Amino acid sequence: MRWIWIDRFVDFQSGQSARAVKNLSLAEDYFGDHFPGYPVMPAALILEGLAQTGGILVGEANNFQEKVVLAKVPRAVFHREMLAGEQLIYEAEIQNLRPEGASVLGRVLVGGQVTAEAEIFFAHLDQSRSKQIFGEGNFVFSGEMKYLLGRMTGGKARPGGPAPRAGG
Amino acid sequence: MPTQDEIYSKVSATLVEALNVDEEDIKPTSTLQGDLGAESIDFLDIVFRLEREFGIKIPRGELFPESIFQGDPELVQDGRVTPKGLEELRAKMPFADLTKFEQNPEVGNLSNLFTVDLITRYIQGKLENGSQN
C-alpha cells in the first residue's frame, strides 16, 4: 500500500513553512468501515498527512540527507470531524530545527476554518541514534518519494537527485 | 535575573508539559527517567521547551552529553564510566554533582544524574553567563 497522505503542495518555503492539499475521496478504503454510511476521516490519518507535510518540510531543509521520522506528538486537537468530499489543507511551520530533530506546528483547514491543530516532533535518526542500527541509505525519502516531491512542489524543493520531467 | 526558586518553578512547569506528569510529582531530586518516566525523545522536547521558555540556546550535548551515552570505548568500558569518561562528564556538566556517581560509576546510574535540580542549576548558570555578556 502506498503510504502517501498528501496529494499536492500548494506552497513551499524551504526551511520555514509548507501547505499541502489532501482530498478526501469516498473511494478511499477506510471509509468503507469508518463508518458505513458516515465517512469520517480517521484522526490518526489526518495526523499522518499533517506529519508528512511537516516531515517533508523538515527533510528538505537538510536536502533529504537526514532520515526524518515522526517521534512525538505532544499535542493534537481535533475541532470537528472531516468527511469524504472535503478538501483538507495542511499547514506546517518549522518552529525549531536542530541537528537531532525538529519541532513543527501544524494546522488543518477546511474551507478556511481550522479543524485540527497539532505540535509534532521529528527526530533525525542518525543524529540521535547510531548509524549502525539503521544502515546506510535513506529509507525515509526513497527514490519514488523524492521524485514525487519534485513534482508536487513544482520543482521548488530539491529532490536530491535527477527527476524525469515530462514537460522538460 | 530570576531567583533559583523562580527558575525551578518554570522548569517544573516545562516538565509537566513535556512529560505529562502532575506538578505534585515533581521534586528537586526527581530523576527525569526514573521518577518522571522520560524517554530519549522527551529529552529533545525538554530542550526545545527550555530554549523557548528561557530565551536561551542550548547547544547540542551541553545539557545531555551524548558522547557518554553513545558508549565511546575511551569513556565507557564494561558498563562503567572510565576515569577519562569522568573527566569528560566533569567538563561537560560543571553544574552536576558527581560525588555520588563517582563512587559507583555504572552507566546504568548515569540517568540518576538528571534531576530537576540539575536542570535548574544549568539554567541558572546559562542565565548568569548570558547577563555577563
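Residues numbered from 1 in each chain as written. Chains lettered and ligands numbered in written order. Predicted model: local features only at pLDDT ≥ 70, side-chain atom pairs only at ≥ 80, totals over all residues.

Participant: Before we move on, can you summarise the overall build of chain A with the specific residues and values?
Facilitator: Of the regular secondary structure elements, chain A holds four helices and six strands. Traced from its N-terminal end to its C-terminal end, chain A shows the element sequence β-β-α-β-β-β-β-α-α-α. When each of the 168 residues of chain A is scored for burial, the buried share is 35%. Restricting to contacts in chain A with at least 6 residues of sequence separation, those with at least 24 account for 64%. (Helix = DSSP H or I, 4+ residues; strand = E, 2+ residues; numbered from the N terminus. Buried ≥ 20, exposed ≤ 12 C-beta atoms within 10 Å, placed from the backbone. Contact = placed C-beta atoms within 7 Å.)

Participant: Tell me about the overall build of chain B, and name the residues and values.
Facilitator: Each helix and strand in chain B was counted, giving six helices and two strands. Counting from the amino terminus, chain B carries its helices and strands in the arrangement α-α-α-β-β-α-α-α. On C-alpha atoms alone, chain B measures out to a radius of gyration of 15 Å, which is about the 14 Å that the 2.2 N^0.38 rule sets for 133 residues. For chain B, the C-alpha atoms occupy an extent of roughly 40 × 35 × 25 Å along the three principal directions. Across the 133 residues of chain B, 30% fall into the buried class. Long-range contacts, defined here as pairs at least 24 residues apart, represent 56% of the contacts in chain B between residues at least 6 apart. (Rg over C-alpha atoms; globule rule 2.2 N^0.38 Å.)

Participant: Mind laying out helix H2 (residues 40-54) of chain B, listing which residues take part and the relevant values?
Facilitator: All names here are of chain B. The end-to-end C-alpha distance of H2, which contains 15 residues, comes to 22 Å, matching closely the 21 Å that a straight helix rising 1.5 Å per residue would cover. When H2 is considered as a whole, its buried residues turn out to be Asp-42, Phe-43, Leu-44, Asp-45, Ile-46, Val-47, Phe-48, Arg-49 and Leu-50. Following H2 by one or two positions, Gly-55 adopts a phi angle in the positive range, close to 65 degrees. (Expected span 1.5 Å × (residues − 1).)

Participant: Break down the interface of chain A and chain B for me, citing the residues and quoting the values.
Facilitator: Between chain A and chain B, the residue contacts involve 12 residues of the former and six residues of the latter. Of all the secondary structure elements, the ones that give two or more residues to the side of chain A that touches chain B are strand S3 (68-78), strand S5 (101-110) and strand S6 (113-124) of chain A. Of all the elements, S3(A) adds the most residues to the side of chain A that touches chain B, at three residues. When grouped by side-chain class, the residues that make up the side of chain A that touches chain B number five nonpolar, four polar and three charged. (Nonpolar A, V, L, I, M, F, W, Y, C, P; charged D, E, K, R; others polar.)

Participant: Give me the lowdown on the nonpolar core, citing residues and values where you can.
Facilitator: In this structure, Ile46(A), Leu50(A), Val104(A) and Phe122(A) are the most contacted members of the largest nonpolar core, which totals 54 residues. Here the element with the most residues in this core is helix H1 (residues 43-61) of chain A; it accounts for seven residues. Apart from the residues lying within four places of it in its own chain, the contact partners of Ile46(A) are Met41(A), Met82(A), Leu88(A), Val108(A) and Ala116(A). Ranked by size, the runner-up nonpolar core spans five residues in total, among them Leu75(B), Val81(B), Leu89(B) and Met93(B). (Core = buried A, V, L, I, M, F, W, Y, C linked by C-beta atoms within 7 Å.)

Participant: Describe the domain arrangement of chain B, listing the residues and the values that go with them.
Facilitator: All names here are of chain B. Looking at chain B, the domain boundaries give domain 1 (1-62 + 114-133) and domain 2 (65-113). On a C-alpha basis, the centres of domain 1 and domain 2 stand 20 Å from each other. Listed as interface residues are nine residues of domain 1 and, on the opposing side, eight residues of domain 2. Its residues assigned to classes, the side of domain 1 that touches domain 2 shows three nonpolar, five polar and one charged. (Domains from an automatic or database assignment.)

Participant: Just give me the short version of the sheet that holds S6(A), but keep the residues and values in it.
Facilitator: Strands sit in the order S1-S2-S4-S5-S6-S3 (chain A) across an open sheet of six strands; the sheet is antiparallel. Edge strands, defined here as strands with exactly one partner in the open sheet, are strand S1 (8-13) and S3 of chain A. For this sheet, the mean inter-axis angle between neighbouring strands, taken without regard to orientation, is 20 degrees. Set on the sheet, H1(A) makes contact with strand S2 (17-23), S3, strand S4 (87-97), S5 and S6 of chain A; between it and S4(A) the angle comes to about 45 degrees. H2(B) rests against S3, S4, S5 and S6 of chain A of the sheet, and its axis sits at about 115 degrees to S6(A). (Pairing = 2+ DSSP bridges. Axes fitted to C-alpha atoms, helices over the stretch in contact; angles between N-to-C directions.)

Participant: So what's going on with the packing of helix H1 (residues 4-19) of chain B against H2(B)? Which residues, and what values?
Facilitator: Residues and elements named next belong to chain B. The N-to-C vectors of H1 and H2 enclose an angle of 140 degrees; their axes lie 10 Å apart at closest approach. Viewed along their axes, H1 and H2 adopt a mutual orientation that is oblique. The interaxial crossing formed by H1 with H2 has right-handed handedness. Where H1 abuts H2, its residues Lys-10, Thr-14, Leu-15, Glu-17, Ala-18 and Leu-19 lie against Asp-42, Asp-45, Ile-46, Arg-49, Leu-50 and Glu-53. In terms of residue class, the contact of H1 with H2 is made up of five nonpolar, one polar and six charged. (Parallel < 35°, antiparallel > 145°, perpendicular 65-115°, else oblique. Left-handed = near helix turned anticlockwise from the far one by under 90°.)

Participant: Account for H1(B), naming residues and giving values.
Facilitator: Residue and element names in this part refer to chain B. Over its 16 residues, H1 extends 22 Å from the first C-alpha to the last, a length consistent with the 22 Å expected when each residue adds 1.5 Å. Among the residues of H1, those classed as buried are Ile-7, Tyr-8, Val-11, Thr-14, Leu-15 and Ala-18. Projected down its long axis, H1 shows its buried positions confined to an angular sector of 125 degrees, all on one face. Seen from the buried face of H1, the exposed residues on the opposite side, beyond 90 degrees, are Asp-5 and Glu-6. At the exit of H1 stands Asn-20, carrying a positive phi of roughly 60 degrees. (Arc of directions from axis to C-beta.)

Participant: Can you lay out the pairing of S4(A) for me, pointing to particular residues and giving the numbers?
Facilitator: Residue and element names in this part refer to chain A. Note that S2 and S4 share seven bridges and pair antiparallel. Bridge pairing in S4 links Lys-22 to Leu-88. Summarising the sheet, S4 and S5 pair through eight bridges and their orientation is antiparallel. Paired with Ala-92 across the two strands is Gly-106, which belongs to S5.

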